[in-house]
Amino acid sequence: MPLLAGIFDAFVNPWLLSGLALLSAPVIIHLLNKRHYTVVEWAAVLFLLLADSKNRRRLRFEDLILLLLRMALIALLVFSVARPLVRGFGGTREDERIVILDDSFSMEASDGTGTAFAAAKAAAVSQIEDAVGRSIPVSVWSGTMPEMGSIDLEAEGPGGGADSAASGSESGSESSAGAGPGSTEATREAAARLLGVIRLREATDLSLRFGPILTRLIDRLEAKKDAVARSITLLSDFRAADWFEEGGTGLRSEVAAAIAEVKSRGLLDSIRWKFVDTGQPGRENCAVTGVRLSTDHPLAKVPVRIVIEVRNFGAEERKHVTGEIEVSSWEGEIVSSSAVPPGGTAAGTGRAAAGLKVLHRIPLPAIESIQAGKTATSEVEITFEKAGKYPITARIEADRLARDDASFAVAHVRDGLRALVVDGDPGQGRFSGDSGFLLAAVAPRGSVPSGILPRRFTGEVTQKDLRDADVVLILNRTGLSPGEKEALEDFARRGGGIAFFLGSRVQPDPYRGLTIFPAVLKAVK
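To keep things clear, this report deals only with the structure shown in the data block. (Residues numbered from 1 in each chain as written. Predicted model: local features only at pLDDT ≥ 70, side-chain atom pairs only at ≥ 80, totals over all residues. Heavy atoms only, no water.)

1. Observations concerning the pairing of strand E1 (residues 96-101)
Operational definition: The classification of residues rests on relative accessible area computed with a 1.4 Å probe and restricted to protein chains. Under 20% of the type maximum is buried, over 50% is exposed, and intermediate values are partly exposed. To qualify as a helix, a DSSP run of H or I must reach at least 4 residues; to qualify as a strand, a run of E must reach at least 2; elements of each kind are numbered from the N terminus. By the convention used here, strands pair only if DSSP detects at least 2 bridges between them. A clockwise path from the first strand over the helix to the second, with the strands pointing away from the viewer, defines a right-handed crossover.
E1 sits mainly inside the fold: six of its six residues count as buried. Looking at chain direction, E1 and strand E4 (residues 230-236) are connected through six bridges and run parallel. Residue pairing for E4: Val99 is matched across the bridge by Thr233. When E1 meets strand E2 (residues 138-142), the two strands line up parallel, connected through five bridges. What sits directly across from Arg97, in E2, is Val138. As a crossover connection, the stretch from E1 through helix H4 (residues 116-133) into E2 is right-handed.

2. Examining the side chain of Asp399
Rule in force here: Distance and chemistry together define a polar contact, namely a pair of N or O atoms within 3.5 Å, with one atom able to donate a hydrogen and the other to accept it when in protein, and with adjacent residues in sequence counting only for side-chain atoms on both sides. What makes two residues a contact is simply this: any of their non-hydrogen atoms within 4.5 Å.
Within the secondary structure, Asp399 is located in the loop between strand E11 (388-396) and strand E12 (406-413). For Asp399, a relative accessible area of 14% corresponds to the buried category. Among the polar contacts made by the side chain of Asp399, one reaches the main-chain amide nitrogen of Leu401 at a distance of 3.1 Å. Apart from the residues within four sequence positions on either side, Asp399 is in contact with Asn285, Cys286, Arg318 and Asp405.

3. Section: the nonpolar core
Rules: Buried Ala, Val, Leu, Ile, Met, Phe, Trp, Tyr and Cys residues form a nonpolar core when they are joined through side-chain atoms within 4.5 Å.
In terms of nonpolar packing, the biggest core is built from 27 residues, with Val291, Ile306, Ile308, Ile325 and Phe384 touching the most fellow members. Those elements that place two or more of their residues in this core are strand E6 (286-293), strand E7 (304-312), strand E8 (318-329), strand E9 (357-370), strand E10 (375-382), E11 and E12. Aside from chain neighbours lying at most four places away, what touches Val291 is Ile306, Val307, Ile308, Ile392, Ala394, Ser407 and Ala409. If you look at the next biggest cluster of nonpolar residues, it comprises 22 residues, including Ala116, Ala120, Ala131 and Ala190.

4. Here's the deal with the packing of aromatic side chains
Heads up, the condition is: A pair of aromatic rings is counted whenever rings of Phe, Tyr or Trp (Trp by its six-membered ring) have centres within 6.5 Å, and the orientation is called stacked for planes under 30 degrees apart, edge-to-face for over 60 and tilted otherwise.
Summed over all chains, the structure comprises nine aromatic pairs. The interplanar angle of 70° and the centroid separation of 6.1 Å between the aromatic rings of Phe238 and Phe275 together place this pair among those described as edge-to-face. Taken as a pair, Phe238 in the loop between E4 and helix H7 (240-243) and Phe275 in strand E5 (residues 271-277) lie far apart in primary sequence, 37 residues in all. Here the aromatic rings of Tyr511 and Phe517 are separated by 5.1 Å at their centres, their planes lie at 50°, and the arrangement is tilted. Judged by its relative accessible area of 10%, Phe517 is buried.

5. Focus on the environment of Arg400
Locating Arg400 in the fold gives a position in the loop between E11 and E12. C-alpha separation for the pair Arg400 and Asn285, spaced 115 residues apart in sequence, amounts to 6.5 Å.

6. Description of the sheet that holds E4
Applied cut-off: Angles here are taken between N-to-C directions and fall from 0 to 180 degrees, while the axes themselves are lines fitted to C-alpha atoms, restricted in helices to the stretch in contact.
Strand order in the open sheet formed by five strands is E3-E2-E1-E4-E5, and the pairing between neighbours is mixed. Each edge of the open sheet is held by one strand with a lone partner, namely strand E3 (150-153) and E5. Each strand axis lies, on average, 15° off the axis of its neighbour in the sheet, ignoring direction. Pairing analysis gives seven bridges linking E4 to E5, with the strands arranged parallel. Across the sheet, the residue bridging to Leu234 is Phe275, located in E5.

7. Here's the deal with a nonpolar patch on the surface
Rules: Patches were defined on residues exceeding 30% relative accessible area and lacking a salt bridge, with like-charge contacts within 9 Å and nonpolar side-chain contacts (Val, Leu, Ile, Met, Phe, Trp, Tyr) within 5 Å. A 1.4 Å probe and the Shrake-Rupley method give the accessible areas. Residues count as covered only by the protein chains that appear here. In what follows, salt bridge is the name for a side-chain nitrogen of Lys or Arg lying within 4 Å of a carboxyl oxygen of Asp or Glu.
The grouping of Phe61, Ile65 and Leu69 at the surface amounts to a nonpolar patch, some 310 Å² of accessible area in total. Within the secondary structure, Leu69 is located in helix H3 (residues 45-82).

8. Describing helix H9 (residues 434-442)
Every buried residue of H9 is accounted for by Ser435, Gly436, Leu438 and Val442. For H9, the secondary structure elements touched by its buried residues are strand E13 (417-423), strand E14 (452-457), strand E15 (471-475) and strand E16 (497-501).

9. A short note on the packing of H4 against helix H5 (residues 184-200)
Rule in force here: Our angle categories are set so that under 35 degrees counts as roughly parallel, over 145 as roughly antiparallel, 65 to 115 as roughly perpendicular, and the remainder as oblique. Any residue that is not Ala, Val, Leu, Ile, Met, Phe, Trp, Tyr, Cys, Pro, Asp, Glu, Lys or Arg is counted as polar, Gly included; the first ten are nonpolar and the last four charged.
Two numbers describe how H4 lies on H5: the axes approach to 9 Å, and their chain directions differ by 170°. In terms of orientation, H4 and H5 fall into the roughly antiparallel class. Contacts between H4 and H5 pair Lys121, Ala124, Val125, Ile128, Glu129 and Val132 from the former with Ala191, Leu194, Leu195, Ile198 and Arg199 from the latter. Counted by class, the contact of H4 with H5 contains eight nonpolar, no polar and three charged residues.

10. Concerning the pattern of salt bridges
In this structure the tally under the stated criterion is 31 salt bridges. In this structure, Arg252 engages Glu254 in a salt bridge whose closest nitrogen and oxygen atoms are separated by 3.0 Å. A relative accessible area of 27% places Arg252 in the partly exposed class. Residue Arg494 pairs with Asp490 through a salt bridge whose shortest N-O separation is 3.2 Å.

Structural data, given as structure tokens:
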């Protein structure tokens, strides 16, 4: 019946309205108090009847007021537990609660008493505990990884049992493991597990993705037609970069598209939006955004510069930024998510698995000023005494977001650059051939090494000869045999370097058709 359906929709617990039957209790008590007494007439009573007749009307009125107050008190108690739905006031109906926890990088910002992420987790725990206490199904989403799905907790059924005490896995499962009728203990255990996951959650290195989360929620919300009143609570620091396009020209395209889709599906009015700002008021944040070497091939005993990039993500100019560089060594493997390329550096947050030893702590030259939104660099020079892998940590003085005040890299230092010098006219003495002067230039004698390890070669070049070489220098060779051409072309494809030095013995014809030769030779006229 429409009237009965309207009553059910107007209360969260409409069956408790049956308690209105208790309104008859004050009426019954009132009637029982109206007892009949035997009237005995005697002379002195006439004076009492005269006084009573004056107060009787007032007493009856007071009894009526007392009766109505008793009935009103019982009605208020019944309505309070039935929880009428009045939009704009407390006690609104809620069929489903969705909590989105922003676990992005910026949530690690601290004001000295705690981080924004800690406040968001505490608020999420409060939301979940309230939902469980009010038998409201609740789902928790990671703000940075919507593809992982939600963790779901179903509400207990009307009979005091659990429809489904569940937790969907973080792999995106939205199904719930049934706990069976009456299994309130399973509901409590599932809630305890969910709260444990929230409390142990750590912030990621990603940014908030509210648009993709909302897109994934659309089909789910539309499928649950019986849930007419839902709430979506977002716990975030509301960083502008997560919501607006670069330059603040408007909402990010994915956020605007998701909101438009929710509106077009007619779901906007059935959702109560709650945006809880747990962010910190500070506007200052600098971060180490890069650690690199001035060369891609650092060599032992050859000075190299470590370049540090620092960016000001705050809204105000940052002055006199100081810090330090820490260079370490270890015996063991790197705990890192990416491999270290030969002869280079690998950025990451990995540290040594064992045997980490600090070799140098070098103060970072102060950066006097970094304008808001700008990047500055600072450099220090260092010499690695021997080949190996060296973890490098660059850090600046801590600010409100300490997590990005340090960055890491690993330098893969080699003992030298191996050069194979192929001499086409070797001669008899050290400087009589073409290679003599070149060898002296690239690897001069003295206390300061060049880092180049040359090896003189006069025979036919094979793949075996090129196995340990980084670069091949071909000097005044008349030509190259087919075997040499094949070996050198394969060497170049694998990343090796080849340099040709022409001379009086070079003939144009043998070099024609050589794909690795950078020019077309012609005979000297």
